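The residues making up each chain are set out below.
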Amino acid sequence: MIVEIDNGSGFCFGVTTAIKKAEETLANGEKLYCLGDIVHNGMECERLRGMGLITIDHDEFAQLHDATVLLRAHGEPPTTYELAQKNNITIIDATCPVVLALQKRIKKKFSTIDDNSRTTDIVIFGKNGHAEVLGLVGQTNGKAIVIEHADDAKKLDFSHNIYLYSQTTKSLDEFHQIIEYCQQHIEEGAIFQSFDTICRQVANRMPNICSFAIRHDLILFVCGRKSSNGKVLYKACKEKNPRSYLIAGPDEIQPEWFEGMNSVGICGATSTPTWLMEKCKEKVEKIK
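All figures in this text were calculated on a predicted structure; none of them were measured in a lab. (Residues numbered from 1 in each chain as written. Predicted model: local features only at pLDDT ≥ 70, side-chain atom pairs only at ≥ 80, totals over all residues. Heavy atoms only, no water.)

Draft legend 1. How the structure looks around unusual backbone geometry. Residues other than glycine seldom take positive phi values, yet N88 does so here, at roughly 55°. Considering the arrangement of structural elements, one finds N88 in the loop between α4 (78-86) and β5 (90-93). Residue class for N88 comes out exposed when judged on its relative accessible area of 51%. For N141, which is not glycine, the phi torsion reads 55° and is therefore positive. Tracing the backbone through its elements, the reader meets N141 in the loop between α6 (131-138) and β7 (145-147). (Helix = DSSP H or I, 4+ residues; strand = E, 2+ residues; numbered from the N terminus. Buried < 20%, exposed > 50% of the residue type's maximum accessible area, 1.4 Å probe, protein only.)

Below, the structure written as structure tokens:
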């Protein structure tokens, strides 16, 4: 039985940079906090915890003083930076450059809105409560409208001007569905503009991972349960290959899955470390 790891899977640039900054700081013996899970993968978080990384939530962050805190690739709203300055917290900013550029675009657009003639809505296609989306909404003082699915576009007020953005890791196809619906329903005199802010390093994985899924009898998709990107990519794998299984790590692999299988493909999300996929490969090779 052939077992192949998809060479296009694994950490994206933003996650790689955040983890590298954490490792470098910890290697110097510094006490380092991380605001939220550094990556949506429990096993990678556990590895870094073993190195000394302390993960905190926003309530704990508010109580910190005179400390060093890493901001992960997802980014943070302006209020986080303001609180850090107030409490003398040193920030190691690992916000992904793609996310940072998107934050600036939304902030600039929000600052130039003039509602004297017609109400204007900034709409973000993304997951409510997701760390990146919270950071994006924060650029608008909490006024942006978040829609999670194409069907949610029906709830928009098309008599308003609408400026549409997307969380960087959302489905490009679904984003285009939302754009098409808005173009068809925007009222005369109202402005509709869309801005393709989906990360191509993520979006380009879709066709690659679909091709990978077709090539194998069975797919093991390795990712953390919290990964938004992982859910999108796994769904695509499952559609192309019904024998696709979502697993968090090697302990979830079931030997009976592989009966009669000649080839197994192992792939993952932008938050899946290569070492974890390799562990899964080792487990499969022992089964055969």
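Draft legend 2. Molecular detail of the sheet that holds strand β6 (residues 120-125). Spatial ordering of the open sheet is given by β7-β6-β8-β9, a layout of four strands whose pairing is parallel. One side of each edge strand has no neighbouring strand; the edge strands of this open sheet are β7 and β9 (192-194). The mean angle between the axes of side-by-side strands here comes to 20°, regardless of whether they run parallel or antiparallel. Here six bridges tie β6 to strand β8 (residues 161-166), and the two strands are oriented parallel to one another. (Pairing = 2+ DSSP bridges. Axes fitted to C-alpha atoms, helices over the stretch in contact; angles between N-to-C directions.)

Draft legend 3. Representation of the pattern of salt bridges within the structure. Enumeration according to the criterion identifies eight salt bridges in this entry. Put simply, D37 and K226 hold a salt bridge, and the shortest N to O gap is 3.1 Å. In this pair, D37 is assigned in the loop between β2 (33-35) and α2 (42-51) and K226 in the loop between β10 (218-222) and α10 (228-240), connecting sequence segments 189 residues apart. Look at K226 and you get exposed, because its relative accessible area is 53%. A salt bridge links R200 to D196, with the nearest nitrogen and oxygen atoms 2.4 Å apart. A residue is classified by how much of its surface remains accessible, and R200, at 36% relative accessible area, is partly exposed. One salt-bridge network, in which partners are shared between bridges, spans E23, E44 and R47. (Salt bridge = Lys/Arg side-chain N within 4 Å of Asp/Glu carboxyl O.)

Draft legend 4. Representation of the pairing of strand β12 (residues 263-268). Within β12, six of the six residues are buried, leaving the element largely enclosed by the surrounding structure. Across the two faces of β12 the burial is the same, with S263, G265 and C267 and V264, I266 and G268 all buried. Where strand β1 (residues 2-5) and β12 come together, four bridges link them in parallel fashion. Note that in β12 the partner of I5 across the bridge is I266. Of the strand pairs in this sheet, β10 and β12 are connected by five bridges, and their pairing is parallel. Paired with L218 across the bridge in β12 is V264.

Draft legend 5. Region of the structure containing the packing of aromatic side chains. Summed over all chains, the structure comprises seven aromatic pairs. On the numbers, 4.7 Å between centres and 15° between planes, the contact of Y165 with F195 is stacked. Note that Y165 is positioned in strand β8 and F195 in the loop between β9 and α8 (200-203), a separation of 30 residues in sequence. Across the pair, F195 and Y165 agree in class, each one buried. Ring centres 4.0 Å apart and planes at 10° place the aromatic pair Y245 and W257 in the stacked group. You can see Y245 sitting in strand β11 (residues 244-247) and its partner W257 sitting in the loop between β11 and β12, a full twelve residues away along the chain. On the accessibility criterion, Y245 (25% relative accessible area) is partly exposed. Overall, the relative accessible area of 17% leaves W257 in the buried class. One aromatic cluster is present, built from ring pairs that chain together Y163, Y165 and F195. (Phe/Tyr/Trp six-rings, centres within 6.5 Å; stacked < 30°, edge-to-face > 60°.)

Draft legend 6. Here's a closer look at the pairing of β5. Taken together, the four bridges between strand β4 (residues 68-71) and β5 define a ladder with parallel strand orientation. Following the sheet pairing, V69 is matched in β5 by I91. Assessed by its sense of winding, the connection that carries the chain from β4 through α4 to β5 is right-handed. (Right-handed = clockwise from strand over helix to strand, strands pointing away.)

Draft legend 7. Spatial organisation of empty space enclosed by the protein. Counted under the stated rule, the structure contains one cavity of 30 Å³ or more. In this structure, the largest cavity is lined by D6, G8, S9, R205, N208, I209, L233 and G268. Looking at the lining of the largest cavity element by element, the count peaks at three residues for helix α9 (residues 205-215). Residues belonging to the lining of the largest cavity are distributed by class as follows: two nonpolar, four polar and two charged. (1 Å grid on protein atoms, 1.4 Å probe; cavity = no way out; pocket = protein on both sides within 12 Å on 5 of 7 lines; lining within 4 Å. Points joined across faces, edges and corners; volume = space filled by probe spheres on them. Nonpolar A, V, L, I, M, F, W, Y, C, P; charged D, E, K, R; others polar.)

What is shown is where atoms sit, not what they do.
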